[in-house]
Amino acid sequence: MLPKRALGQTGMEVSLLGLGTVKLGRNQGVKYPKSFKIPDDKEAATLIALAKDSGINLIDTAPAYGNSEERLGTLLKGQRQDWLICTKVGEEFINGESHFDFSPEHTRRSVERSLRRLNTEVLDIVLIHSDGNDEEILQRHGTLQALAALKKAGKIRAIGMSTKTVDGGLLAAEQSDVVMITWNLQHHTEIPVADYCHQKGVGVLIKKALASGHAAPGPQPGSNTSTDPVKQCFDMMFAHPGVSSAIVGTISQKHLRSNIGAI
Ligand SMILES: NC(=O)c1ccc[n+]([C@@H]2O[C@H](COP(=O)([O-])OP(=O)(O)OC[C@H]3O[C@@H](n4cnc5c(N)ncnc54)[C@H](OP(=O)(O)O)[C@@H]3O)[C@@H](O)[C@H]2O)c1
């Protein structure tokens, strides 16, 4: 079984690997190396069962991932208690295009909609889905304050931001329970955010750990060709005491098994 780590001071314990679900709901406007078919319900249920049986308890979705939230609402029926669900607010993907709305009104509507779609009374983690202007969102839009009020009302257990910049990540860490950052073999610039979150007791989730598939499975430039880049990547990030979990997006049972094996 996969080990678990504390998610900052949220009181939640998350498996070292989380399951990312972009590919369960959306195959347009994505940056993966190859095109793919969205898995049907039977394939998705098998993948989720494999993840659960291997000790994965964290699943990541967003309104911007096509119908990923609605699908999880159905797929997780009868096993809600086995999962920590992370979703987001701020990005909408409509007719093949992303639109952003970080207003408190939209934030409240989006959270209520996620609760309905995911068929649950409480969302474990809700993150602001940044468009890249992390600091502006945090300083001007009141999104995190709206999430804090929803947390106080008992609709969310932990709040934070999925950031895209170092300064934004550091600022988010001041006001969040959880920050989601990018870290992989090609992108190391956000490590200071993980360091700072660790100091402050803020949970750190990693996105794009495999560089959205561009870091796997071939050897990396300059690396020993016998080294599995997936293992290299996990060894690197789990050596950091502040990192709680890497959310890896996969719709392949074979890849899921080998990723678990690499840990
Ligand atoms: N702004 C945000 O908040 C944000 C942005 C991006 C992502 N995310 C979250 O983070 C998750 C992960 O990000 P991501 O999906 O962009 O990138 P990722 O996890 O780095 O990479 C996923 C890609 O890697 C491939 N892959 C996985 N394991 C593999 C293996 N062992 N060998 C070869 N290929 C492998 C997958 O293909 P197969 O399906 O064929 O395995 C998929 O195309 C997302 O699903 C989402 O939940 C959040």
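First, a word on what this report is: a plain description of the structure on this page. As the structure is a computational prediction, the values presented were derived from the model and not from experiment. Per chain, the residues get numbers from 1 upward, laid out in the order the sequence is written. Per-residue local features of the predicted model are confined to residues with pLDDT of at least 70, and side-chain atom pairs are confined, for both listing and counting, to 80 or more; whole-chain, interface and lining totals are unaffected and use all residues. To get the side-chain values, take all heavy atoms of the structure and skip hydrogens and water.

**Things to note about the pattern of salt bridges**
A side chain with one charge may pair with a side chain of the opposite charge, provided their charged atoms come close. Filter applied, for reference: Salt bridges are counted wherever a side-chain nitrogen of Lys or Arg sits within 4 Å of a carboxyl oxygen of Asp or Glu.
Going through the model one piece at a time under the given rule, you end up with 14 salt bridges. Each of the salt bridges in this network shares a partner with another, and the network as a whole consists of E69, E70 and R117.

**A word on the site of the ligand**
Our working rule: When at least one non-hydrogen atom of a residue lies within 4 Å of a molecule or strand, that residue is treated as near it. Polar contact criterion, stated in full: a pair of N or O atoms within 3.5 Å, where within protein one must be able to donate a hydrogen and the other to accept it, and residues adjacent in sequence count only if both atoms are side-chain atoms. In short, Shrake-Rupley with a 1.4 Å probe defines the accessible areas, and a residue's cover is counted only from the protein chains shown. Secondary structure elements are taken from DSSP: a helix is a run of H or I of four residues or more, a strand is a run of E of two residues or more, and numbering for both begins at the N terminus. Here the term charged refers only to Asp, Glu, Lys and Arg, the term nonpolar to Ala, Val, Leu, Ile, Met, Phe, Trp, Tyr, Cys and Pro, and the term polar to all other amino acids, Gly among them.
Surveying the vicinity of the ligand reveals 28 residues, the closest of which are Y32, D60, S162, T250 and H255. Interatomic distance of 3.3 Å between a side-chain N/O atom of Y65 and a nitrogen atom of the ligand. Within the backbone of A209, an N or O atom sits 3.4 Å from an oxygen atom of the ligand. Bound to the protein, the ligand loses 90% of the 890 Å² it would expose on its own. Every element with two or more residues in the shell around the ligand is listed here: α1 (22-25), β12 (243-249) and α10 (253-262). When the residues that make up the shell around the ligand are grouped by side-chain class, the tally is eleven nonpolar, twelve polar and five charged.

**A few points about the packing of aromatic side chains**
Where we set the bar: Centre distance within 6.5 Å is the pairing criterion for rings of Phe, Tyr and Trp, where only the six-membered ring of Trp is used; planes under 30 degrees apart are then read as stacked, over 60 as edge-to-face, and the remainder as tilted. Between buried and exposed lies partly exposed: a residue is buried under 20% and exposed over 50% of the maximum accessible area for its type, with that area taken using a 1.4 Å probe on protein chains only.
Across all of its chains, the model carries three aromatic pairs by this definition. Summarising the aromatic geometry, the rings of Y32 and F36 are spaced 5.9 Å apart at their centres and angled 80 degrees between planes, so their arrangement reads as edge-to-face. Accessibility expressed as a relative area gives 15% for F36, which makes it buried. Taking the centre distance of 5.8 Å and the plane angle of 35 degrees together, the rings of F234 and F238 count as tilted.

**Remarks on unusual backbone geometry**
With a phi angle near 60 degrees, N119 is a residue other than glycine that sits in the positive phi range. Note on placement: N119 falls in the loop between α4 (104-117) and β8 (123-129). The phi angle at K208 is positive, at roughly 55 degrees, despite the residue not being glycine. Within the fold, K208 resides in the loop between β11 (203-207) and α9 (229-238). K208 gets classed as partly exposed once you look at its relative accessible area, which sits at 40%.

**Some thoughts on the nonpolar core**
Formally: By nonpolar core we mean a set of buried residues, namely Ala, Val, Leu, Ile, Met, Phe, Trp, Tyr and Cys, connected to one another through side-chain atoms within 4.5 Å. Any two residues having at least one pair of non-hydrogen atoms within 4.5 Å are treated as being in contact.
Counting 58 residues, the largest nonpolar core has I56, V111, I128, L147 and I206 as the members making the most contacts within it. Filtering out sequence-adjacent residues up to four positions away, I206 remains in contact with I181, W183, M237, V243, S245, A246 and I247. Among the nonpolar cores identified, the runner-up in size contains 13 residues, and L7, L127, L205 and I247 belong to it.

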